[in-house]
Amino acid sequence: GDSVTQMEGPVTLSEEAFLTINCTYTATGYPSLFWYVQYPGEGLQLLLKATKADDKGSNKGFEATYRKETTSFHLEKGSVQVSDSAVYFCALRAGRSNDYKLSFGAGTTVTVRA
Amino acid sequence: EAQVTQNPRYLITVTGKKLTVTCSQNMNHEYMSWYRQDPGLGLRQIYYSMNVEVTDKGDVPEGYKVSRKEKRNFPLILESPSPNQTSLYFCASSLLSGPGDTEAFFGQGTRLTVV
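Residues numbered from 1 in each chain as written. Chains lettered and ligands numbered in written order. Predicted model: local features only at pLDDT ≥ 70, side-chain atom pairs only at ≥ 80, totals over all residues. Heavy atoms only, no water.

Undergrad: Quick question: what am I supposed to make of the pairing of strand E3 (residues 19-25) of chain B here?
TA: Look at any regular strand and the pattern is simple: side chains alternate between the two faces of the sheet. Residue and element names in this part refer to chain B. Counting buried positions along E3 gives five out of seven residues, so the element sits mostly inside the fold. Sheet topology places strand E1 (residues 4-7) next to E3; four bridges connect them, and they run antiparallel. Across the sheet, residue Val 4 finds its bridge partner in E3, namely Gln 25. Across three bridges, E3 lies against strand E8 (residues 76-78) in antiparallel orientation. Counterpart to Thr 20 in the pairing with E8 is Ile 77. (Buried < 20%, exposed > 50% of the residue type's maximum accessible area, 1.4 Å probe, protein only. Helix = DSSP H or I, 4+ residues; strand = E, 2+ residues; numbered from the N terminus. Pairing = 2+ DSSP bridges.)

This is the structure in structure tokens:
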């Protein structure tokens, strides 16, 4: 079945450091890929997405590129802020008709220190 | 404001006492689903619904029921809760406008503890 593997945390960084969270996936066909972010005490919200190979999703300084050849969708940000402290989830939705389930990775907790 | 509303946010209950967690969305979305979030496991889908009166099991449906009598509401029912259902629960909704790239909107979560 479909699955997502993302790098384990927790990750602790200083402000303005570079952040990378690795994500790889297993899926048949052509899934859509997502990064969701969960701030403390809140639900998940979409951070960025990519729907086909070589697409780059970007938002709030975060970027991720859909790499079909390596089945990866790594999240990067060049200079993190304290407000980026959150749990980050990589997810995929299969490209199959009538299959709208999101399959999530385990989540990576990121703490940014001032 | 577009939102998914879950209630209650926090709930402590005893084993075997039936409970319902409500979920309502104001975006006229066809697709709604319930997930549970457990440490190290991410979110796993419990049940989903493609439209009114159309529901189906997700990956971890045992011990749960759902209903979809109205488009906006999708309650999660635990008929006889057990301690292994202690978890953080999220309701989500999305449009069915395409084969994969529609955004899912999540509620704020319900932290359930079964003692």
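Undergrad: How do you make sense of the environment of Thr 20 of chain A when you look at a structure like this?
TA: Residue and element names in this part refer to chain A. The residue Thr 20 is located in strand E3 (residues 19-21) in this model. Under the relative-accessibility criterion, Thr 20 is labelled partly exposed at 25%. Linking Thr 20 and Phe 62, residues 42 residues apart in sequence, is a C-alpha distance of 9.6 Å. Once residues within four sequence positions are removed from consideration, Thr 20 is found in contact with Met 7, Leu 75 and Glu 76. (Contact = heavy atoms within 4.5 Å.)

Undergrad: Help me understand the nonpolar core, please; the structure alone is not making it clear to me.
TA: Nonpolar side chains in soluble globular proteins tend to end up buried together. Grouped together as the largest cluster of nonpolar side chains are 26 residues, with contacts concentrated most on Trp 35, Phe 73, Leu 75 and Tyr 88 of chain A. Elements that contribute at least two residues to this core include exactly strand E2 (11-14), E3, strand E4 (23-26), strand E5 (32-38), strand E6 (44-50), strand E8 (62-65), strand E10 (86-93) and strand E12 (108-113) of chain A. Broken down by element, the residue count for this core peaks at four residues, all from E10 of chain A. With sequence-adjacent residues up to four places away left out, Leu 75 of chain A is seen in contact with Leu 19, Thr 20, Ile 21, Trp 35, Leu 47, Leu 48, Phe 62, Glu 63, Ala 64 and Tyr 88 of chain A. By size, the runner-up hydrophobic cluster in this structure holds 19 residues, among which are Met 32, Leu 76, Tyr 89 and Val 114 of chain B. (Core = buried A, V, L, I, M, F, W, Y, C linked by side-chain atoms within 4.5 Å.)

Undergrad: I tried to follow the interface of chain B and chain A on my own but got confused; where do I start?
TA: Interface size is often expressed as the accessible area that is lost when the parts come together. Contacts between chain B and chain A engage 25 residues on the former and 23 residues on the latter. Where chain B abuts chain A, roughly 1900 Å² becomes buried across the two surfaces, and 53% of that area is made up of carbon and sulfur atoms. Run the count over chain B and chain A and you get one salt bridge. In this structure, the salt-bridge partner of Asp 59 of chain B is Lys 101 of chain A, at a minimum N-O distance of 2.8 Å. The tally of links between chain B and chain A comes to five residue pairs in polar contact (both at pLDDT 80 or more). Every element with two or more residues in the side of chain B that touches chain A is listed here: strand E4 (31-38), strand E5 (42-51) and strand E9 (87-94) of chain B. Take the side of chain B that touches chain A: its biggest share by element is four residues, from E5 of chain B. The residue makeup of the side of chain B that touches chain A, split by class, is eleven nonpolar, ten polar and four charged. (Buried area = accessible area lost by both parts, 1.4 Å probe. Salt bridge = Lys/Arg side-chain N within 4 Å of Asp/Glu carboxyl O. Polar contact = N/O pair within 3.5 Å; in protein donor to acceptor, adjacent residues only side chain to side chain. Nonpolar A, V, L, I, M, F, W, Y, C, P; charged D, E, K, R; others polar.)

Undergrad: Looking at this structure, I do not really get the pattern of salt bridges. What am I missing?
TA: In total, this model carries seven salt bridges over all chains according to the counting rule given. With a shortest N-O distance of 2.8 Å, Asp 84 of chain A and Lys 77 of chain A are connected by a salt bridge. Note on accessibility: Asp 84 of chain A and Lys 77 of chain A belong to one class, buried. Asp 38 of chain B is the salt-bridge partner of Arg 36 of chain B, the closest N and O atoms lying 2.8 Å from each other. Exposure class is identical for Arg 36 of chain B and Asp 38 of chain B. Each is buried.

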